[in-house]
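# Chain and residue survey
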Amino acid sequence: MNDGWQKTEGSAAPGEWLAQGLAHVWLPYAQMKTASPPLAVTGTHGCRIVLADGRELIDGIASWWTACHGYNHPHIRDAVIRQAGIMPHVMFGGLAHEPALTLACRLAALLPGDLDRVFFSDSGSVAVEIALKMALQFWRNRGEGRRSRFVTFQGSYHGDTTGAMAVSDPHDSMHALFSGLLPQHVNVALPEDEESIAALAAVLEREAGSLAGIIVEPLVQGAGGMRFHHPDVLRRLRRLADQHGLLLIFDEIFTGFGRTGSTFACEQAGVTPDIITLSKALTGGTLPLAATVARTPIFEAFWSDDPKQALMHGPTYMANALACAAANASLDLFAREPRLAQVRAISDQLAQGLAPCRGICRVKDVRVLGAIGVVELDRIDDVEALRRRFVEEGVFVRPFGSVVYLTPAFTISEEDLGRLTEAVVKVVGDIR
Ligand SMILES: Cc1ncc(COP(=O)(O)O)c(C=O)c1O
């Protein structure tokens, strides 16, 4: 299975480039004054990250949950190289190409129900912006322009652009600083128990006339704290949305493509949302690509002789041919290799391997869903120190907030996953 997937020559060791370049880049989610310098990487292969000093780390994060087949998979690499020789990119306005149209057909076939109309973009946050814009204009085109707000949930994270920040948790999140400046939506607890169900029902009774839709990360709230909820919550949201005539948006940017144990998380609830957003593992972690997919009735609300009723959106790099070729190759791998069975095996191993954390006094919870393993602590005082400890153990794990989590590639070996869980048990056990 891994033929041709061996280590290849990495790029040059960091001489000048690291020191000189660090003076000119602005790094993500980092206080530039105090953050530890990033690790210099010269290559990747399988589930390994190769550092410039020759060390190899076992990757527990799959590059922010994208590299589901491991790094440098030969099937994706060959597809991208082939496409680069034919046509790396052509604008999508007035022109169409096979990789994008094939991908649209394949996504429509994979997704449940009549989620049939695919709008491509280049990042998860932008896919969310497009979903929100589609929902707002859906109502405008139907003469109900006063429907302009969304129901959002505590603990949610939908991205870093303005609209996506506004539908993320306004208080308990990295975007809290901006909460007063952004459009005001209705942020409530997920309807998980009697009290939160009643609270949501009351909000909908009161506000439905001004609401365009409900947006949720199905089954797992990722960057908001790796919190899981029961599929019943999604069934409840579908019922409430239908009862009040609201659009239901599922953000499957993290959960899509097998991460929770089914191809899409919504399948576990048997719920079809009106709009779904996809990105991250869409290209198997090779190139940036995202998709916002709408059900037929949503698309039909834009189908008109009136140009003003068109969706006025079109990112320059939308449907980039290289990225679409990578995504098609990634879907081939899902079709021909036993990815969901691998996720089940990872799930069992994560549950077993992380179980000893339950006995550690600072640990509040250990939970596993699909290929996501989470150890939640009462708090983490020095997240950077913890990250360094993992590197010392030979693994790449990036705790945030109060959680240490693993989201490995689905192709990880039993041995490498064992080393990841052992490192988590050891490092968490050493926290004082
Ligand atoms: C659920 C969810 N939505 C949206 C995003 C934003 O995606 P991107 O970072 O590609 O803009 C993320 C990223 O972590 C995410 O997890």
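Please refer to the structure placed before this passage.
No experiment lies behind these values; they were computed from the predicted model shown. (Residues numbered from 1 in each chain as written. Predicted model: local features only at pLDDT ≥ 70, side-chain atom pairs only at ≥ 80, totals over all residues. Heavy atoms only, no water.)

### With respect to the pairing of strand β10 (residues 247-251)
The criterion, for reference: For each residue, the accessible area found with a 1.4 Å probe, counting protein chains only, is set against the maximum for its type, and the residue is called buried under 20%, exposed over 50%, and partly exposed in between. Each helix corresponds to a stretch of at least 4 residues labelled H or I by DSSP, and each strand to a stretch of at least 2 residues labelled E; elements are numbered beginning at the N terminus. Here, strands pair whenever DSSP counts at least two bridges between them.
Extensive coverage of β10 is indicated by the burial of five of its five residues. Of the two faces of β10, the one holding Leu247, Ile249 and Asp251 and the one holding Leu248 and Phe250 are both buried throughout. With three bridges joining them, β10 and strand β11 (residues 275-278) adopt parallel strand pairing. Considered in β11, the bridge of Phe250 is made with Ile276.

### Some details on the site of the ligand
Selection criterion: A cutoff of 4 Å decides nearness: a residue is near a molecule or strand if any of its heavy atoms lies inside that distance of it. N or O atoms within 3.5 Å of each other form a polar contact, as long as, within protein, one can give a hydrogen and the other can take it, and as long as residues adjacent in sequence are counted only when both atoms are side-chain atoms. Using a 1.4 Å probe, the Shrake-Rupley method yields the accessible areas, and only the shown protein chains count as cover for residues. Following the grouping adopted for this structure description, the nonpolar residues are Ala, Val, Leu, Ile, Met, Phe, Trp, Tyr, Cys and Pro, the charged ones are Asp, Glu, Lys and Arg, and the polar ones are all others, Gly among them.
The immediate surroundings of the ligand are formed by Trp65, Ser123, Gly124, Ser125, Tyr157, His158, Gly159, Glu217, Asp251, Ile253, Phe254 and Lys280. In this structure, an oxygen atom belonging to the ligand sits 2.8 Å away from a main-chain N or O atom of Gly124. Between Lys280 and the ligand, the recorded distance is 3.0 Å, taken from a side-chain N or O atom to an oxygen atom. Here the ligand has 390 Å² of accessible area as a free molecule, and 84% of this is covered by the chains. Classifying every residue of the shell around the ligand by side-chain character gives four nonpolar, five polar and three charged.

### So, the sheet that holds strand β13 (residues 363-369)
Our working definition: Angles run from 0 to 180 degrees between N-to-C directions of axes, and those axes are lines fitted to C-alpha atoms, restricted for helices to the stretch in contact.
Strand order in this open sheet of three strands is β13-β14-β16, and the pairing throughout is antiparallel. Each having just a single partner strand, β13 and β16 (403-406) make up the two edges of the open sheet. Averaged over all pairs of adjacent strands, the angle between their axes in this sheet comes to 10°, without regard to strand direction. Alignment of strand β14 (residues 372-377) against β16, held across four bridges, turns out to be antiparallel. The residue of β16 that forms the bridge with Gly373 is Leu406.

### Examining the packing of aromatic side chains
What counts, and what does not: Note on aromatic pairs: the rings of Phe, Tyr and Trp (six-membered ring only in Trp) are paired at centre separations within 6.5 Å, and the planes decide the class, stacked below 30 degrees, edge-to-face beyond 60, tilted for the rest. To sit over a ring, a charge needs its Lys NZ or Arg CZ within 6 Å of the ring centre and within 35 degrees of the ring normal.
This structure, assessed with the given rule, holds nine aromatic pairs. On the basis of an interplanar angle of 80° and a centroid distance of 5.9 Å, the ring pair of Tyr29 and Trp64 is categorised as edge-to-face. Here Tyr29 is found in the loop between α1 (16-22) and β1 (41-45), whereas its partner Trp64 is found in helix α2 (residues 62-65), with 35 residues between them in sequence. Trp64 sits in the partly exposed class, given a relative accessible area of 39%. Where Phe257 meets Phe264, the ring centres are 5.4 Å apart and the plane angle is 65°; that geometry is what we call edge-to-face. Since its relative accessible area comes to 2%, Phe257 is described here as buried. The class for Phe264 is buried, based on a relative accessible area of 0%. In textbook terms, an aromatic cluster arises when at least three aromatic residues are bridged by ring pairs, as seen for Trp65, Phe254, Phe400 and Tyr405. Directly above the ring of Phe228 sits Arg367, whose terminal nitrogen or CZ lies 5.7 Å from the centroid.

### A word on helix α11 (residues 321-336)
Definition in use: By definition here, a helix of n residues has an expected span of 1.5 Å times n minus one.
Taking 1.5 Å of rise per residue, 16 residues should cover 22 Å, and α11 covers 22 Å from first to last C-alpha, within 8% of that figure. Counting buried positions along α11 yields 13 of 16 residues, so the element is predominantly enclosed. Where α11 begins, the capping side chain belongs to Asn320, and its oxygen is found 3.2 Å from the backbone nitrogen of Leu322.

### Some remarks on the nonpolar core
Our working definition: Nonpolar core, defined: a set of buried Ala, Val, Leu, Ile, Met, Phe, Trp, Tyr and Cys residues in which side-chain atoms within 4.5 Å join the residues together. Should any heavy atoms of two residues lie within 4.5 Å, those residues are considered in contact.
One finds Leu107, Phe120 and Val404 to be the most contacted residues of the largest nonpolar core, which totals 115 residues. With ten residues, helix α5 (residues 124-141) is the single largest residue contributor to this core. Sequence-distant contacts of Val404, defined by excluding residues within four places in its chain, comprise Gly373, Val374, Val375, Leu377, Ile380, Leu386, Phe390, Val397, Pro399, Val424 and Val428.

### With respect to a negative patch on the surface
Here is the rule: Patch building starts from residues that exceed 30% relative accessible area and form no salt bridge, then joins like charges within 9 Å and nonpolar side chains (Val, Leu, Ile, Met, Phe, Trp, Tyr) within 5 Å. In the sections that follow, a salt bridge refers to a side-chain nitrogen of Lys or Arg positioned within 4 Å of a carboxyl oxygen of Asp or Glu. Only four residue types enter the charge count, namely Lys and Arg as positive and Asp and Glu as negative; His and the chain termini do not. To locate a charge, take NZ of a lysine, CZ of an arginine, CG of an aspartate or CD of a glutamate.
A cluster of acidic residues, Glu192, Asp193, Glu194 and Glu195, forms a negative patch on the protein surface. Note that Glu192 resides in the loop between β6 (186-188) and α7 (194-207).

### A closer look at the sheet that holds strand β3 (residues 56-59)
The sheet built from four strands is open, its strands ordered β1-β2-β3-β15 with mixed pairing. A single partner strand is all that each edge strand has here, and the edge strands are β1 and β15 (395-396). Of the pairings in the sheet, the one linking strand β2 (residues 48-51) to β3 comprises three bridges and is antiparallel in character. Counterpart to Arg48 in the pairing with β3 is Ile58. Along the sheet, helix α14 (residues 414-430) makes contact with β2, β3 and β15, crossing β3 at roughly 90°.

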